[in-house]
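# Understanding the architecture of this molecule
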Amino acid sequence: LMVDHENDDFHFFFGTTHFDHGDHYHKESIFDSTNCAKMAPDLLDHTQPYHDTGLPVIYTGDFNSNYNSNAYDILTNASNSHNEGYVLKETWDLAKKVVITANTEPVPEYDHTTSIDHIFVSATDSVVVSEVSVDTYVYPYTTKDGKTHSTNPSDHKAIFTTLTSFGAANSRRV
């Protein structure tokens with residue numbers, strides 16, 4: 001999605017994805033699957049032309065790849081990039097502030113390095129990530145036997161980021 005804010009000539013590229021985690025008929029670990037690693041170079045190929053023209057790139061989604069996976073390494077490590085050093089950066093690594101929102105005490109710990117959901121930005125000095133936050137809320141439900149339990153609404157946590165600068169040409173809060 002190419003975003004063009006008509007009134008002030010602000011542009012950026014936004015994309016989202018859901019990487020396939022493998023053969024759904026076998027019980028292999030999603031992190032052992034090569035499907036994600038095969039998809040990562042395609043994502044870089046698709047976004048690099050926008051980056052090369054000076055547009056910030058924001059890419060979000062369920063990448064089915066944590067920090068230790070081959071796909072994550074392809075997306076974020078310039079020495080492994082087939083795109084002449086073009087990579088994406090994880091907003092967790094760039095954030096000036098990290099917030100974990102919760103409706104329980106104590107607030108649960110959250111290890112973002114185990115997450116398979118990411119918000120990436122193009123790897124330039126012009127992108128400033130002011131804040132990254134994760135929603136760890138749990139919600140009550142009652143089973144047929146009348147017992148009350150709490151659970152997360154999904155096996156994925158909602159992740160939010162605040163980007164406050166894209167350099168001189170695109171200096172706006174997103």
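Residues numbered from 1 in each chain as written. Predicted model: local features only at pLDDT ≥ 70, side-chain atom pairs only at ≥ 80, totals over all residues. Heavy atoms only, no water.

Before going further, it helps to examine the overall build of the protein chain. Looking only at helices and strands, the protein chain has three helices and 10 strands in total. Per-residue burial over the protein chain gives 37% buried out of 174 residues. Of the roughly 10,100 Å² of accessible surface on the protein chain, 50% is carried by carbon and sulfur atoms. (Helix = DSSP H or I, 4+ residues; strand = E, 2+ residues; numbered from the N terminus. Buried < 20%, exposed > 50% of the residue type's maximum accessible area, 1.4 Å probe, protein only. Areas by Shrake-Rupley, 256 points an atom, 1.4 Å probe, with all protein chains shown as cover.)

Here we come to unusual backbone geometry. The omega torsion across E105 and P106 is -5°, close enough to zero to call that bond cis. Located in the positive-phi region is N64, a residue other than glycine, with phi close to 45°. Of note, N64 is situated in the loop between β3 (57-62) and α2 (70-76).

Turning our attention to the packing of aromatic side chains. According to the stated counting rule, one finds eight aromatic pairs in the structure shown. Centroid distance F19 to F63: 5.1 Å. Interplanar angle 65°. Geometry classified as edge-to-face. One end of the pair, F19, is in the loop between β2 (10-18) and α1 (35-52); the other, F63, is in the loop between β3 and α2, with 44 residues separating them in the sequence. Residue F63 is classed as buried on the basis of its relative accessible area, which comes to 1%. Pairwise contacts between aromatic rings join F19, F63, Y67, Y72 and F120 into one cluster. (Phe/Tyr/Trp six-rings, centres within 6.5 Å; stacked < 30°, edge-to-face > 60°.)

Using the criterion set out here, one finds one salt bridge in the structure. E131 is the partner of K97 in a salt bridge, and the nearest nitrogen-oxygen pair spans 3.8 Å. Of this pair, K97 sits in the loop between α3 (91-94) and β5 (98-101) while E131 sits in strand β7 (residues 127-135), placing them 34 residues apart in sequence. For K97, a relative accessible area of 45% puts it in the partly exposed group. (Salt bridge = Lys/Arg side-chain N within 4 Å of Asp/Glu carboxyl O.)

With that settled, the discussion passes to the confidence of the model for the protein chain. Considering every residue of the protein chain, the mean pLDDT works out to 81; 77% of them sit at 70 or more. Contacts of residues 24-32 to residues separated by more than four positions or lying in other chains number 11 contacts, the stretch itself having pLDDT below 50. (pLDDT = per-residue confidence, 0-100. Contact = heavy atoms within 4.5 Å.)

To continue, consider the nonpolar core. Membership of the largest hydrophobic core comes to 30 residues, with the highest contact counts inside it found for F19, L43, Y59, F63, L75 and L88. Elements with a contribution of two residues or more to this core: β2, α1, β3, α2, β6 (117-122), β7 and β10 (158-166). With five residues, α1 is the largest single contributor of residues to this core. (Core = buried A, V, L, I, M, F, W, Y, C linked by side-chain atoms within 4.5 Å.)

It is worth spelling out the pairing of β3 at this point. Burial runs high along β3: six of the six residues are buried. By the bridge criterion, five bridges tie β3 to β6 in an arrangement that is antiparallel. Bridge pairing in β6 places I58 opposite V121. (Pairing = 2+ DSSP bridges.)

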